Amino acid sequence: MLDDSVKQLLDRPHGLVLWLTGAGISAESGIPTFRGKEGYWRVGSRNYQPEEMATWSSFQEMPEEVWAWYLYRRGVCRGAEPNAAHRALVRAEQNSGERFLLVTQNVDGLHLRAGNTLDRTFQIHGNIDFMRCSKECLPAPIPMPDSIDVAWEKDRAITQRELERLRCPSCGAMGRPHVLWFDESYDEPNFRFQSSIEAARHASLVIVVGTTGATSLPMHIGTIASQRGVPMIVVNPEPNPFSALVQRTGHGSFLFGTAGDWVPKLVDALPLA
Ligand code: NAD
């Protein structure tokens with residue numbers, strides 16, 4: 001049950017409601033977050049952390065291993081289905097139209113598969129079902145080729161033939177997963193950086209679901225909102241930097257628990273546009 005203070009935050013006229021989601025919203029669809037031990041990837045005799053694999057420098061050093069890791073994760077994402085929280089956010093968009101914006105760190109594409117529109121969904125870390133030219137010659141990401149297997153065993157190596165299929169169709173350079181790596185920077189064309197900042201400057205309510213806030217743009221959004229005195233509702237089974245912000249400013253609320261439990265209730269308590 002939502003308590004009265006949260007109901008009051010929701011049940012009033014709103015401008016833009018900015019939803020910020022992270023890996024936690026897809027945990028109940030069976031996609032591991034980066035924090036659990038499922039996140040490790042073994043290369044030879046060594047276990048790599050996601051923060052080591054998901055880098056441009058690892059891709060340059062061992063492109064076959066980085067591709068195999070992404071193709072395995074892509075298989076996990078494709079095998080997963082949107083859950084109650086994803087579906088509730090589709091209702092939120094249908095109810096609120098242009099007053100709804102979803103900024104997601106997830107690369108799994110589940111928000112779009114559930115039915116949110118690309119116009120109102122900023123995938124600020126990319127989408128694992130797409131690739132780009134590693135020399136950035138293409139104007140936009142392209143879907144992964146159909147000839148690449150979707151189901152991928154955890155320890156399955158990538159073949160030279162498959163690597164050839166992952167080349168840029170325009171210039172022939174090596175293709176790369178369309179994701180933002182830990183040693184890269186946000187930009188507008190690929191990751192909607194400025195548009196996300198702009199949205200944080202205009203939102204009247206920010207709802208943060210299932211993220212640790214370990215990356216810079218999400219924290220930036222939270223900081224801008226709290227400096228503006230905008231209320232923030234945080235859903236997470238663990239305290240995190242966003243819940244600490246709410247505690248410090250006193251604007252908003254921390255809902256301790258899972259996305260599947262809280263998000264549908266939050267959506268239902270928002271007024272229709
Ligand atoms: P994270 O793995 O760092 O943290 C996950 C957060 O979700 C934690 O705060 C955890 O307490 C919370 N959580 C766990 N289960 C939950 C549930 N059922 N309901 C609500 N919250 C729950 O993830 P992050 O903060 O999103 O960022 C790490 C990076 O990992 C991002 O760049 C993201 O692109 C990438 N990533 C994406 C996916 C995906 O696309 N599904 C999965 C793993 C990692």
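Above: the structure in question.
Quantities reported herein were computed from a predicted structural model and do not represent experimental measurements.

Take helix α11 (residues 216-227) next. Helix length check: α11 (12 residues) gives 16 Å between terminal C-alpha atoms against 16 Å at 1.5 Å per residue, within 8%. Looking only at α11, the buried set comprises Leu217, Pro218, Met219, Ile221, Gly222, Ile224, Ala225 and Ser226. Against the buried residues of α11 lie β1 (16-21), β4 (100-104), α10 (193-202), β9 (203-209), β10 (232-236) and α12 (241-249). Positive backbone phi, at 75°, marks Gly229, one or two positions downstream of α11.

Before going further, it helps to spend a moment on the packing of α10 against α11. Pairs of packed helices are described in terms of their axes, by the angle between the two and the distance that separates them. Look at α10 against α11: their axes get within 8 Å of each other, and the N-to-C directions meet at 20°. Looking at the two axes, α10 sits roughly parallel to α11. Between α10 and α11 the crossing geometry is right-handed. In contact with Phe193, Ser196, Ile197, Ala200 and Arg201 of α10, α11 contributes Leu217, His220, Ile221 and Ile224. Tallied by class, residues from the contact of α10 with α11 come to six nonpolar, two polar and one charged.

Now for the environment of Phe254. With respect to the helices, strands and loops of the structure, Phe254 is situated in strand β11 (residues 252-256). Residue class for Phe254 comes out partly exposed when judged on its relative accessible area of 29%. Distance from Phe254 to Ile233, taken between C-alpha atoms, is 5.9 Å for residues 21 residues apart in sequence. Once residues within four sequence positions are removed from consideration, Phe254 is found in contact with Val234, Asn236, Glu238, Pro239, Ser243 and Val246.

This part takes up the pattern of salt bridges. Summed over the entire model, instances satisfying the criterion amount to 12 salt bridges. Across the salt bridge formed by Glu52 and Arg46, the nearest N and O atoms sit 2.3 Å from each other. Overall, Glu52 belongs to the partly exposed group, its relative accessible area being 28%. Where Asp129 meets Arg74, a salt bridge forms, and the shortest distance between an N and an O atom there is 2.8 Å. Taken as a pair, Asp129 in strand β6 (residues 126-133) and Arg74 in helix α5 (residues 63-79) lie far apart in primary sequence, 55 residues in all. For Asp129, a relative accessible area of 19% gives the class buried. A relative accessible area of 3% places Arg74 in the buried class. Three or more residues are tied together by salt bridges with common partners; here these are Arg74, Arg78 and Asp129.

Not every one of the 24 residues close to the ligand is listed here, only the nearest: Arg35, Gln105, His125, Thr211 and Asn236. Within the backbone of Phe34, a nitrogen or oxygen atom sits 2.7 Å from an oxygen atom of the ligand. Considered on its own, the ligand offers 840 Å² of accessible surface; in the complex 92% of this is hidden by protein. Residue contributions to the shell around the ligand peak at three residues, all from helix α2 (residues 24-27). Here the shell around the ligand is built from residues that sort into eight nonpolar, 12 polar and four charged.

Those residues of α10 that sit buried are Ser195, Ser196, Ile197, Ala199 and Ala200. Looking at the buried positions of α10, the neighbouring elements they touch are β1, β4, β5 (121-123), α9 (188-191), β9 and α11.

Take the sheet that holds β1 next. Spatially, six strands are ordered β5-β4-β1-β9-β10-β11 in an open sheet, and the strand pairing comes out parallel. Both edges of this open sheet fall to β5 and β11, since each of them pairs with a single strand only. The average undirected angle you get between the axes of adjacent strands in this sheet is 15°. Pairing of β4 with β5 involves three bridges; the strand directions are parallel. Its bridge partner lying in β5, Leu102 is registered against Thr121. Here α10 sits on the sheet and contacts β1, β4, β5 and β9; the angle it forms with β9, its principal contact strand, is near 115°. Across the sheet, α12 is in contact with β1, β9, β10 and β11; its angle to β10 comes to roughly 140°.

Turning next to the packing of aromatic side chains. With the rule as written, the count across this model stands at nine aromatic pairs. Ring centres of Phe34 and Trp69 lie 6.3 Å apart, and the angle between their planes is 25°; on these two criteria the pair is classed as stacked. Residue Phe34 is located in the loop between α2 and β2 (41-43), and its partner Trp69 is located in helix α5; the two are separated by 35 residues in the primary sequence. For Phe34, a relative accessible area of 26% translates into the label partly exposed. Here the aromatic cluster, defined as three or more aromatic residues joined through ring pairs, consists of Phe34, Trp56, Phe59, Trp69, Tyr70, Trp181 and Phe182. The side chain of Arg46 reaches across the aromatic face of Tyr48, ending 4.1 Å from its centre.

Conventions adopted
Residues numbered from 1 in each chain as written. Predicted model: local features only at pLDDT ≥ 70, side-chain atom pairs only at ≥ 80, totals over all residues. Heavy atoms only, no water. Helix = DSSP H or I, 4+ residues; strand = E, 2+ residues; numbered from the N terminus. Expected span 1.5 Å × (residues − 1). Buried < 20%, exposed > 50% of the residue type's maximum accessible area, 1.4 Å probe, protein only. Contact = heavy atoms within 4.5 Å. Axes fitted to C-alpha atoms, helices over the stretch in contact; angles between N-to-C directions. Parallel < 35°, antiparallel > 145°, perpendicular 65-115°, else oblique. Left-handed = near helix turned anticlockwise from the far one by under 90°. Nonpolar A, V, L, I, M, F, W, Y, C, P; charged D, E, K, R; others polar. Salt bridge = Lys/Arg side-chain N within 4 Å of Asp/Glu carboxyl O. Near = heavy atom within 4 Å. Polar contact = N/O pair within 3.5 Å; in protein donor to acceptor, adjacent residues only side chain to side chain. Areas by Shrake-Rupley, 256 points an atom, 1.4 Å probe, with all protein chains shown as cover. Pairing = 2+ DSSP bridges. Phe/Tyr/Trp six-rings, centres within 6.5 Å; stacked < 30°, edge-to-face > 60°. Lys NZ or Arg CZ within 6 Å of the ring centre and 35° of its normal.

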